[in-house]
Structures are given as structure tokens and as C-alpha cells.
Amino acid sequence: MKGTSVTLLRSVAAPRLLALLALMLASALTEGAGIIALVPMLSLLSADAGNIPDWAHPLASHVTLSALLAFFVALVALRAVLQYAVSVLQRRLQLEVVDHWRKTVFSALVRADWRTLSALRNSDHASMVVMGVDRLGYGFANLLLLISGAATLGAIWIAALWLSPVLALVAVGGGLVVLAGFAPLRRRAHLLGKRLGEDYRRVQAVLDDTMRAMRLVKSHGREQAASEEMTRSTSDLRDAQITFEKAAGRARVLLHVGAALLLAVIVALASSRDIAPAVLLPLIALFARSVPLLDSLQQAAQHWVHAVPALKDAEALIETLREAEELSPTGSARLHPASSISVNGVAVRHPGREQAAVEGVTLDLAVDATTVLVGPSGAGKSTLADIFGGLLQPDEGVVEIDGQALSPEGLIGWRASVAYVHQEPVLFHGTVRENLLWAEPEAREDTLEQALRSASAGFVFDLPCGLDTVVGDAGRQLSGGERQRIALARALLRDPALLILDEATSALDSANEAAIGAAIAGMAGTRTILVIAHRGKLAETADTLVHMRDGRIEAIENRS
Ligand SMILES: Nc1ncnc2c1ncn2[C@@H]1O[C@H](COP(=O)(O)OP(=O)(O)OP(=O)(O)O)[C@@H](O)[C@H]1O
């Protein structure tokens, strides 16, 4: 727990954290001083105030009541200003913690290698980046509350020790016993925190899966089932939150009863020890103030341990991702192969699979020619294309450009020279133009138009707003074939040294397939293209047809 609190405190700038701690301490001291100032004030107010401590005599005899009252008001005002500064700075730091963790998790995500990312569940990351880091911010706020509460309680108890050491020791001892009695509740809060993390992930997973499969949900009439699934997950989440609140509420009841008993013991002790009213009243005020403080300390401790599992989850995810962090690319400037792009003896084994997806494969892609990979499902075509594209580092063998082997870092840099078009094109919510410029932000208007024409996507010019037409979420306001042709235009905009089309037409009708086939045929002899196609028009564009089976090359046919 100590390690996790240090980790969280380190997420913010040290000078600001120290400033906050200093403000908290100053605020706690004003609280103790304000109550102590009551001693001379009470002795000035009443002749029956009894024996006051020696330190209060000069104040009671030389300072007027109005001066003491003015001091008291000034102290309260100072405390109010300090508390204002504490709350603003505390909130600022809490948001800084959230930002820091959100940035850290997100950048670890985008830097991890493709093999690791493809094995993780997207909704788990989304839940961590959105809700998990909010819980961290909340945990941090409670950690600060714990620190400030402990400082104020310390100041109050020191003031009480000064007024009456015996009574104060009884109160401190009692208070510590009460706090120690809450240890089982804190352990429970920790377990509930773990459960809450799982419930958050489930809600996010249901949301993600449903949104992604909305067309399927509608066509299968599964709306009701989807709503029920969401209701079940949110009610589990709500139950976890209520269970936690109940545990916190029970702790509060116990605390109040324990504190009342302690106060009764202290007053009974005070009466038996003949303590002056001018001392007893401030003492009671100090002890009475301790009760809500102990309460908020206990609550903060419970909320803090409740947030600790979120921090552990975040750390575990970051560690997994950092272990899979890609090397920094070298030579990320675009490469221009003159004769060939080859793989030599490459093999890839996916985690948890006994059989290699690709093994002992050696293949040359002739520059400015089209190579088509065919073969049954699971033959290793996409895996081989990902090796050629630099997305997967082979476990064995190398990728070579013009006969020169690329280092692992060089292979990552090579990606800048490659463009992909997948079976399910990814379009972002925005206009056609924004989707194109995403790949090449500096591209000029005529370059955009040329790319659209080369990709058989001239239909864009006939859309109501042309390139400024909004494509909708994931391009849903366009047909599958239109989406695919815009995706092809976006890939061409990069002027890639290698264009990879992975089953780019397998979900399209024959007219759209023919349009994309015509676009590829139009690039014949001018661009290096690697196509994965089961059959049809794209396979006909091949200069070389490569047959794959069980991760190996079965046959190579030269057609040109
Ligand atoms: N991320 C992954 N994790 C584990 N195994 C994987 C992963 N990706 C692919 N595989 C496995 O590797 C093998 C080759 O898969 P790959 O996708 O390369 O085949 P493919 O020929 O492209 O198949 P298809 O034509 O069906 O797309 C398959 O057995 C597949 O199950």
C-alpha cells in the first residue's frame, strides 16, 4: 500500500505537491491555534474560569478581550483562505494525476507491438483509459485527504496534549484503538475495489461489443437482449457501489458510537481531576472536532484502499505494454526499393499456438509488379503480408530491400513506406477530405483528386458536398464498396513503395470488386502491390501468383 501511494504521489510535480502539503499543514496549525486561543478568552469572560495554565496568564492579564476576539476572527479568516487554496490546488493535482495516467496508459498502448495488441481486449483498455484513470484521480484525492486529515488531527492532539497531557493521551489512545478496529473494513474495501474494476470492464465490453455489432443486433432483433445485458452489467456495478457505501456507512456508525463513549470517559475523568472550565471547554471542543476528522480519515482510508486495485490494474497493463514496446524506428524516411522486396526464411509463431502461422518462407516481390497470395483460410497469407509490411517482426528470418536485410528497427521504419487496405476499411467520422488528409496532411487538392480517380472513387465528386461530404461514424453513410475505394485512395496518397490489399474486395459485390480490380490493373507496372485474394478479379491482376498452405509456399506461378 505504501508503494502504491508513493507511485501515485509521484505522478504530480514535486514542488506543487510540497506546496500543497505545506498549505495543509498551515491550515491544520490554524485549527489547533484557534481552539487554544479559547483558553485566555474564556478566562477573560468569566471570573469562575478556574486555574488556567501558566502560559495563558500573561495573555489573560495583558491582552484585552477585543484584541483576542480580533485575533480569533483573523485566525478563522486565515484558515478559510488556506482551505480555499488547498481545495483549488488539490483539485488541480487530482486532474494532473488523471491526465498523467491517461497519457501514460495511452502512449504505452500505441507503442506496444502489434502481436501483443491483437491479443488484448479493446474494451479493457478503453475502460482503463476512461474510467480506471478517473478512479486513480479519486484515490489520489482521498490520499491527500488522509494526509491533511492526519495533519489536522495531529495539530489538534498536540494542542490537547498541551492543555491536559493525561486526558489527551486517553483521547489519542482511544482514537487509535477506534481506527485500528476498522482494519477489516479497509480489507473489505480493497476487495470491493477489485470487484468494481471488473464490473467497469464488463460495462465497457458490453457497450463496445454492442456498438460495433449494431447492424447485427438490429438484423437479428437482439435489441432487447442487448439492453438486458447492459442492465445486468450496470446493476452489478451499482450493487458493487452500494455494497461499498453500506460498508462505509457501517464504519461511520461504529465510529460515532466509539467517539461518544470516549468523550464520556474524558468528561468523567476531567470532573474527577478538577480541571478548570476554561481548559475543559476548549478540550471538549478539541475532542469534538476530532470525531468528524476521524470520520473523514476513516472514509478517506476506505476510499483510498478501494482505489488501489485500479492503480494495480493500470500498472499491470502498462508493464505488459512496456514489455511489448516497439523499438524506436531507424531510417523512417521512406525507402524506394529499386529491384525487390523479399523475405528470407521467415517464421512467425503466434502466442499460444503450437503450429507456426508462417514457417521457412522465402519470397521476392518484384518491384512495380503485382504479387497475389492465394490459399485456404489459415494458410498464413495475412501473417506473411504483415511481415512484408513491417507490422510483425519475424521470429526467424529477415526482410530484405534490394538484397539488404532490414534490422528489427529498420523493419519498423519501413512501415512509413507501406500502405494497407484491409477487408474492413477504417474510416473516421468526418468528411472524405479529412479521411484522406489523415494519411497525408499536406496533400494538395489536385493530389487528393488524382488519388480518388486512381482508386476508381470518382463517385465522390458526385456526392452532395463532394470531398466535404461527411461519411458518418466509421463511414456508415457510404456503401461498403465506396468505403473501400476511399480507403484505397487514402493508401495511394502516401505514394507507398509497397501497397498491401488484404482481402480488400472479399466483402464487395462484383461491380465494386471490378472497380477496385480496374484500379489495381491501372497501376500495373508502376507500383509494387501485394494482394491477398481467395479468387476473382483481384487474383487476375497477378504478375506472380503465390499459393500458400499450412504456413508455407506451395507453388509460385509467373503470369507476366
Ligand atoms: N493474433 C493471432 N493470435 C493467434 N493466432 C493467430 C493470430 N493471427 C492469426 N493466427 C493464426 O495463424 C494462422 C494463420 O493465420 P492468417 O490470418 O495469417 O491466415 P490467412 O491465410 O490470412 O487466413 P484467412 O484467409 O482466413 O484470412 C491461423 O491458424 C490463425 O488462426
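Cut-offs applied
Within any chain, residue numbers begin from 1 and follow the written order of that chain's sequence. The predicted nature of this model means local features are confined to residues of pLDDT at least 70 and side-chain atom pairs, given and counted, to a pLDDT of 80 or more, with totals for whole chains, interfaces and linings taken over all residues. The side-chain numbers reported here are obtained from all heavy atoms of the structure, hydrogens and water having been left aside. Detection works on a 1 Å grid of protein atoms alone, calling trapped sets that fit a 1.4 Å probe cavities and calling open sets with protein on both sides within 12 Å along at least five of seven lines pockets, with lining residues defined by an atom within 4 Å of a point. Grid points are joined across faces, edges and corners, and a volume is the space filled by probe spheres set on the points. Each residue receives one of three labels: charged for Asp, Glu, Lys and Arg, nonpolar for Ala, Val, Leu, Ile, Met, Phe, Trp, Tyr, Cys and Pro, and polar for the others, Gly being one of them. By definition, a salt bridge exists where a carboxyl oxygen of Asp or Glu is found within 4 Å of a side-chain nitrogen of Lys or Arg. Put simply, DSSP marks the helices as runs of H or I at least four residues long and the strands as runs of E at least two long, and each gets a number from the N terminus on. Relative accessibility thresholds used throughout: buried, under 20% of the residue-type maximum; exposed, over 50%; partly exposed, between the two (1.4 Å probe, protein chains only). Residue ranges assigned to each domain were obtained from an automatic or database domain assignment. Paired strands, in this sense, are two strands between which DSSP finds at least two bridges. Helix axes use the C-alpha atoms of the stretch in contact, all axes being lines fitted to C-alpha atoms, and the angles between their N-to-C directions lie in the range 0 to 180 degrees. Any two residues having at least one pair of non-hydrogen atoms within 4.5 Å are treated as being in contact.

## Some words on empty space enclosed by the protein
Right, so step 1: Enumeration according to the criterion identifies 2 cavities of 30 Å³ or more in this entry.
Right, so step 2: Surrounding the largest cavity, Trp157, Ala171, Gly175, Val178, Ala259, Leu262, Leu263, Ile266, Phe287, Ser290, Val291 and Leu294 form its lining.
Right, so step 3: Grouping the constituent residues of the lining of the largest cavity by class yields 10 nonpolar, 2 polar and no charged.

## Brief notes about the pattern of salt bridges
If charged atoms from side chains of opposite charge come close, those side chains can pair.
Right, so step 1: Inspection of the entire model under this criterion finds 19 salt bridges.
Right, so step 2: A salt bridge links Glu396 to Arg349; the nearest nitrogen and oxygen atoms lie 3.6 Å apart. Pair noted here: Glu396 is in strand β4 (residues 396-401) and Arg349 is in the loop between β1 (340-348) and β2 (358-366), with a separation of 47 residues, a long-range link.
Right, so step 3: Judged by relative accessible area, which is 39%, Glu396 ranks as partly exposed.
Right, so step 4: Under the relative-accessibility criterion, Arg349 is labelled partly exposed at 30%.
Right, so step 5: With a closest N to O distance of 3.3 Å, Arg527 and Asp495 form a salt bridge. In this pair, Arg527 is assigned in the loop between α18 (510-522) and β8 (529-532) and Asp495 in the loop between α17 (480-493) and β7 (498-502), connecting sequence segments 32 residues apart.
Right, so step 6: Of the residues examined, Asp495 reaches a relative accessible area of 52% and is grouped as exposed.
Right, so step 7: Connected through salt bridges with shared partners, the residues Arg349, Glu359, Glu396 and Arg552 form a single ionic network.

## Observations regarding the domain arrangement of the protein
Right, so step 1: Split by domain assignment, the protein resolves into domain 1 (2-323) and domain 2 (340-558).
Right, so step 2: Taking only C-alpha atoms, the centre of domain 1 and the centre of domain 2 are 54 Å apart.

## Section: the sheet that holds strand β3 (residues 370-374)
Right, so step 1: Here we have 6 strands laid out as an open sheet, ordered β6-β7-β8-β3-β9-β10, and mixed in their pairing. Only two strands of the sheet have a single partner each, and these edge strands are β6 (418-421) and β10 (552-558). In this sheet, adjacent strand axes meet at a mean angle of 20° when their direction is disregarded.
Right, so step 2: Judged from the 4 bridges that link them, β7 and β8 form a sheet pairing that is parallel. Within β8, the residue paired with Ile500 across the bridge is Leu530.
Right, so step 3: In the packing of helix α13 (residues 381-388) onto the sheet, the strands contacted are β3, β6, β7, β8 and β9 (544-549), and the crossing angle to β8 comes to about 160°.

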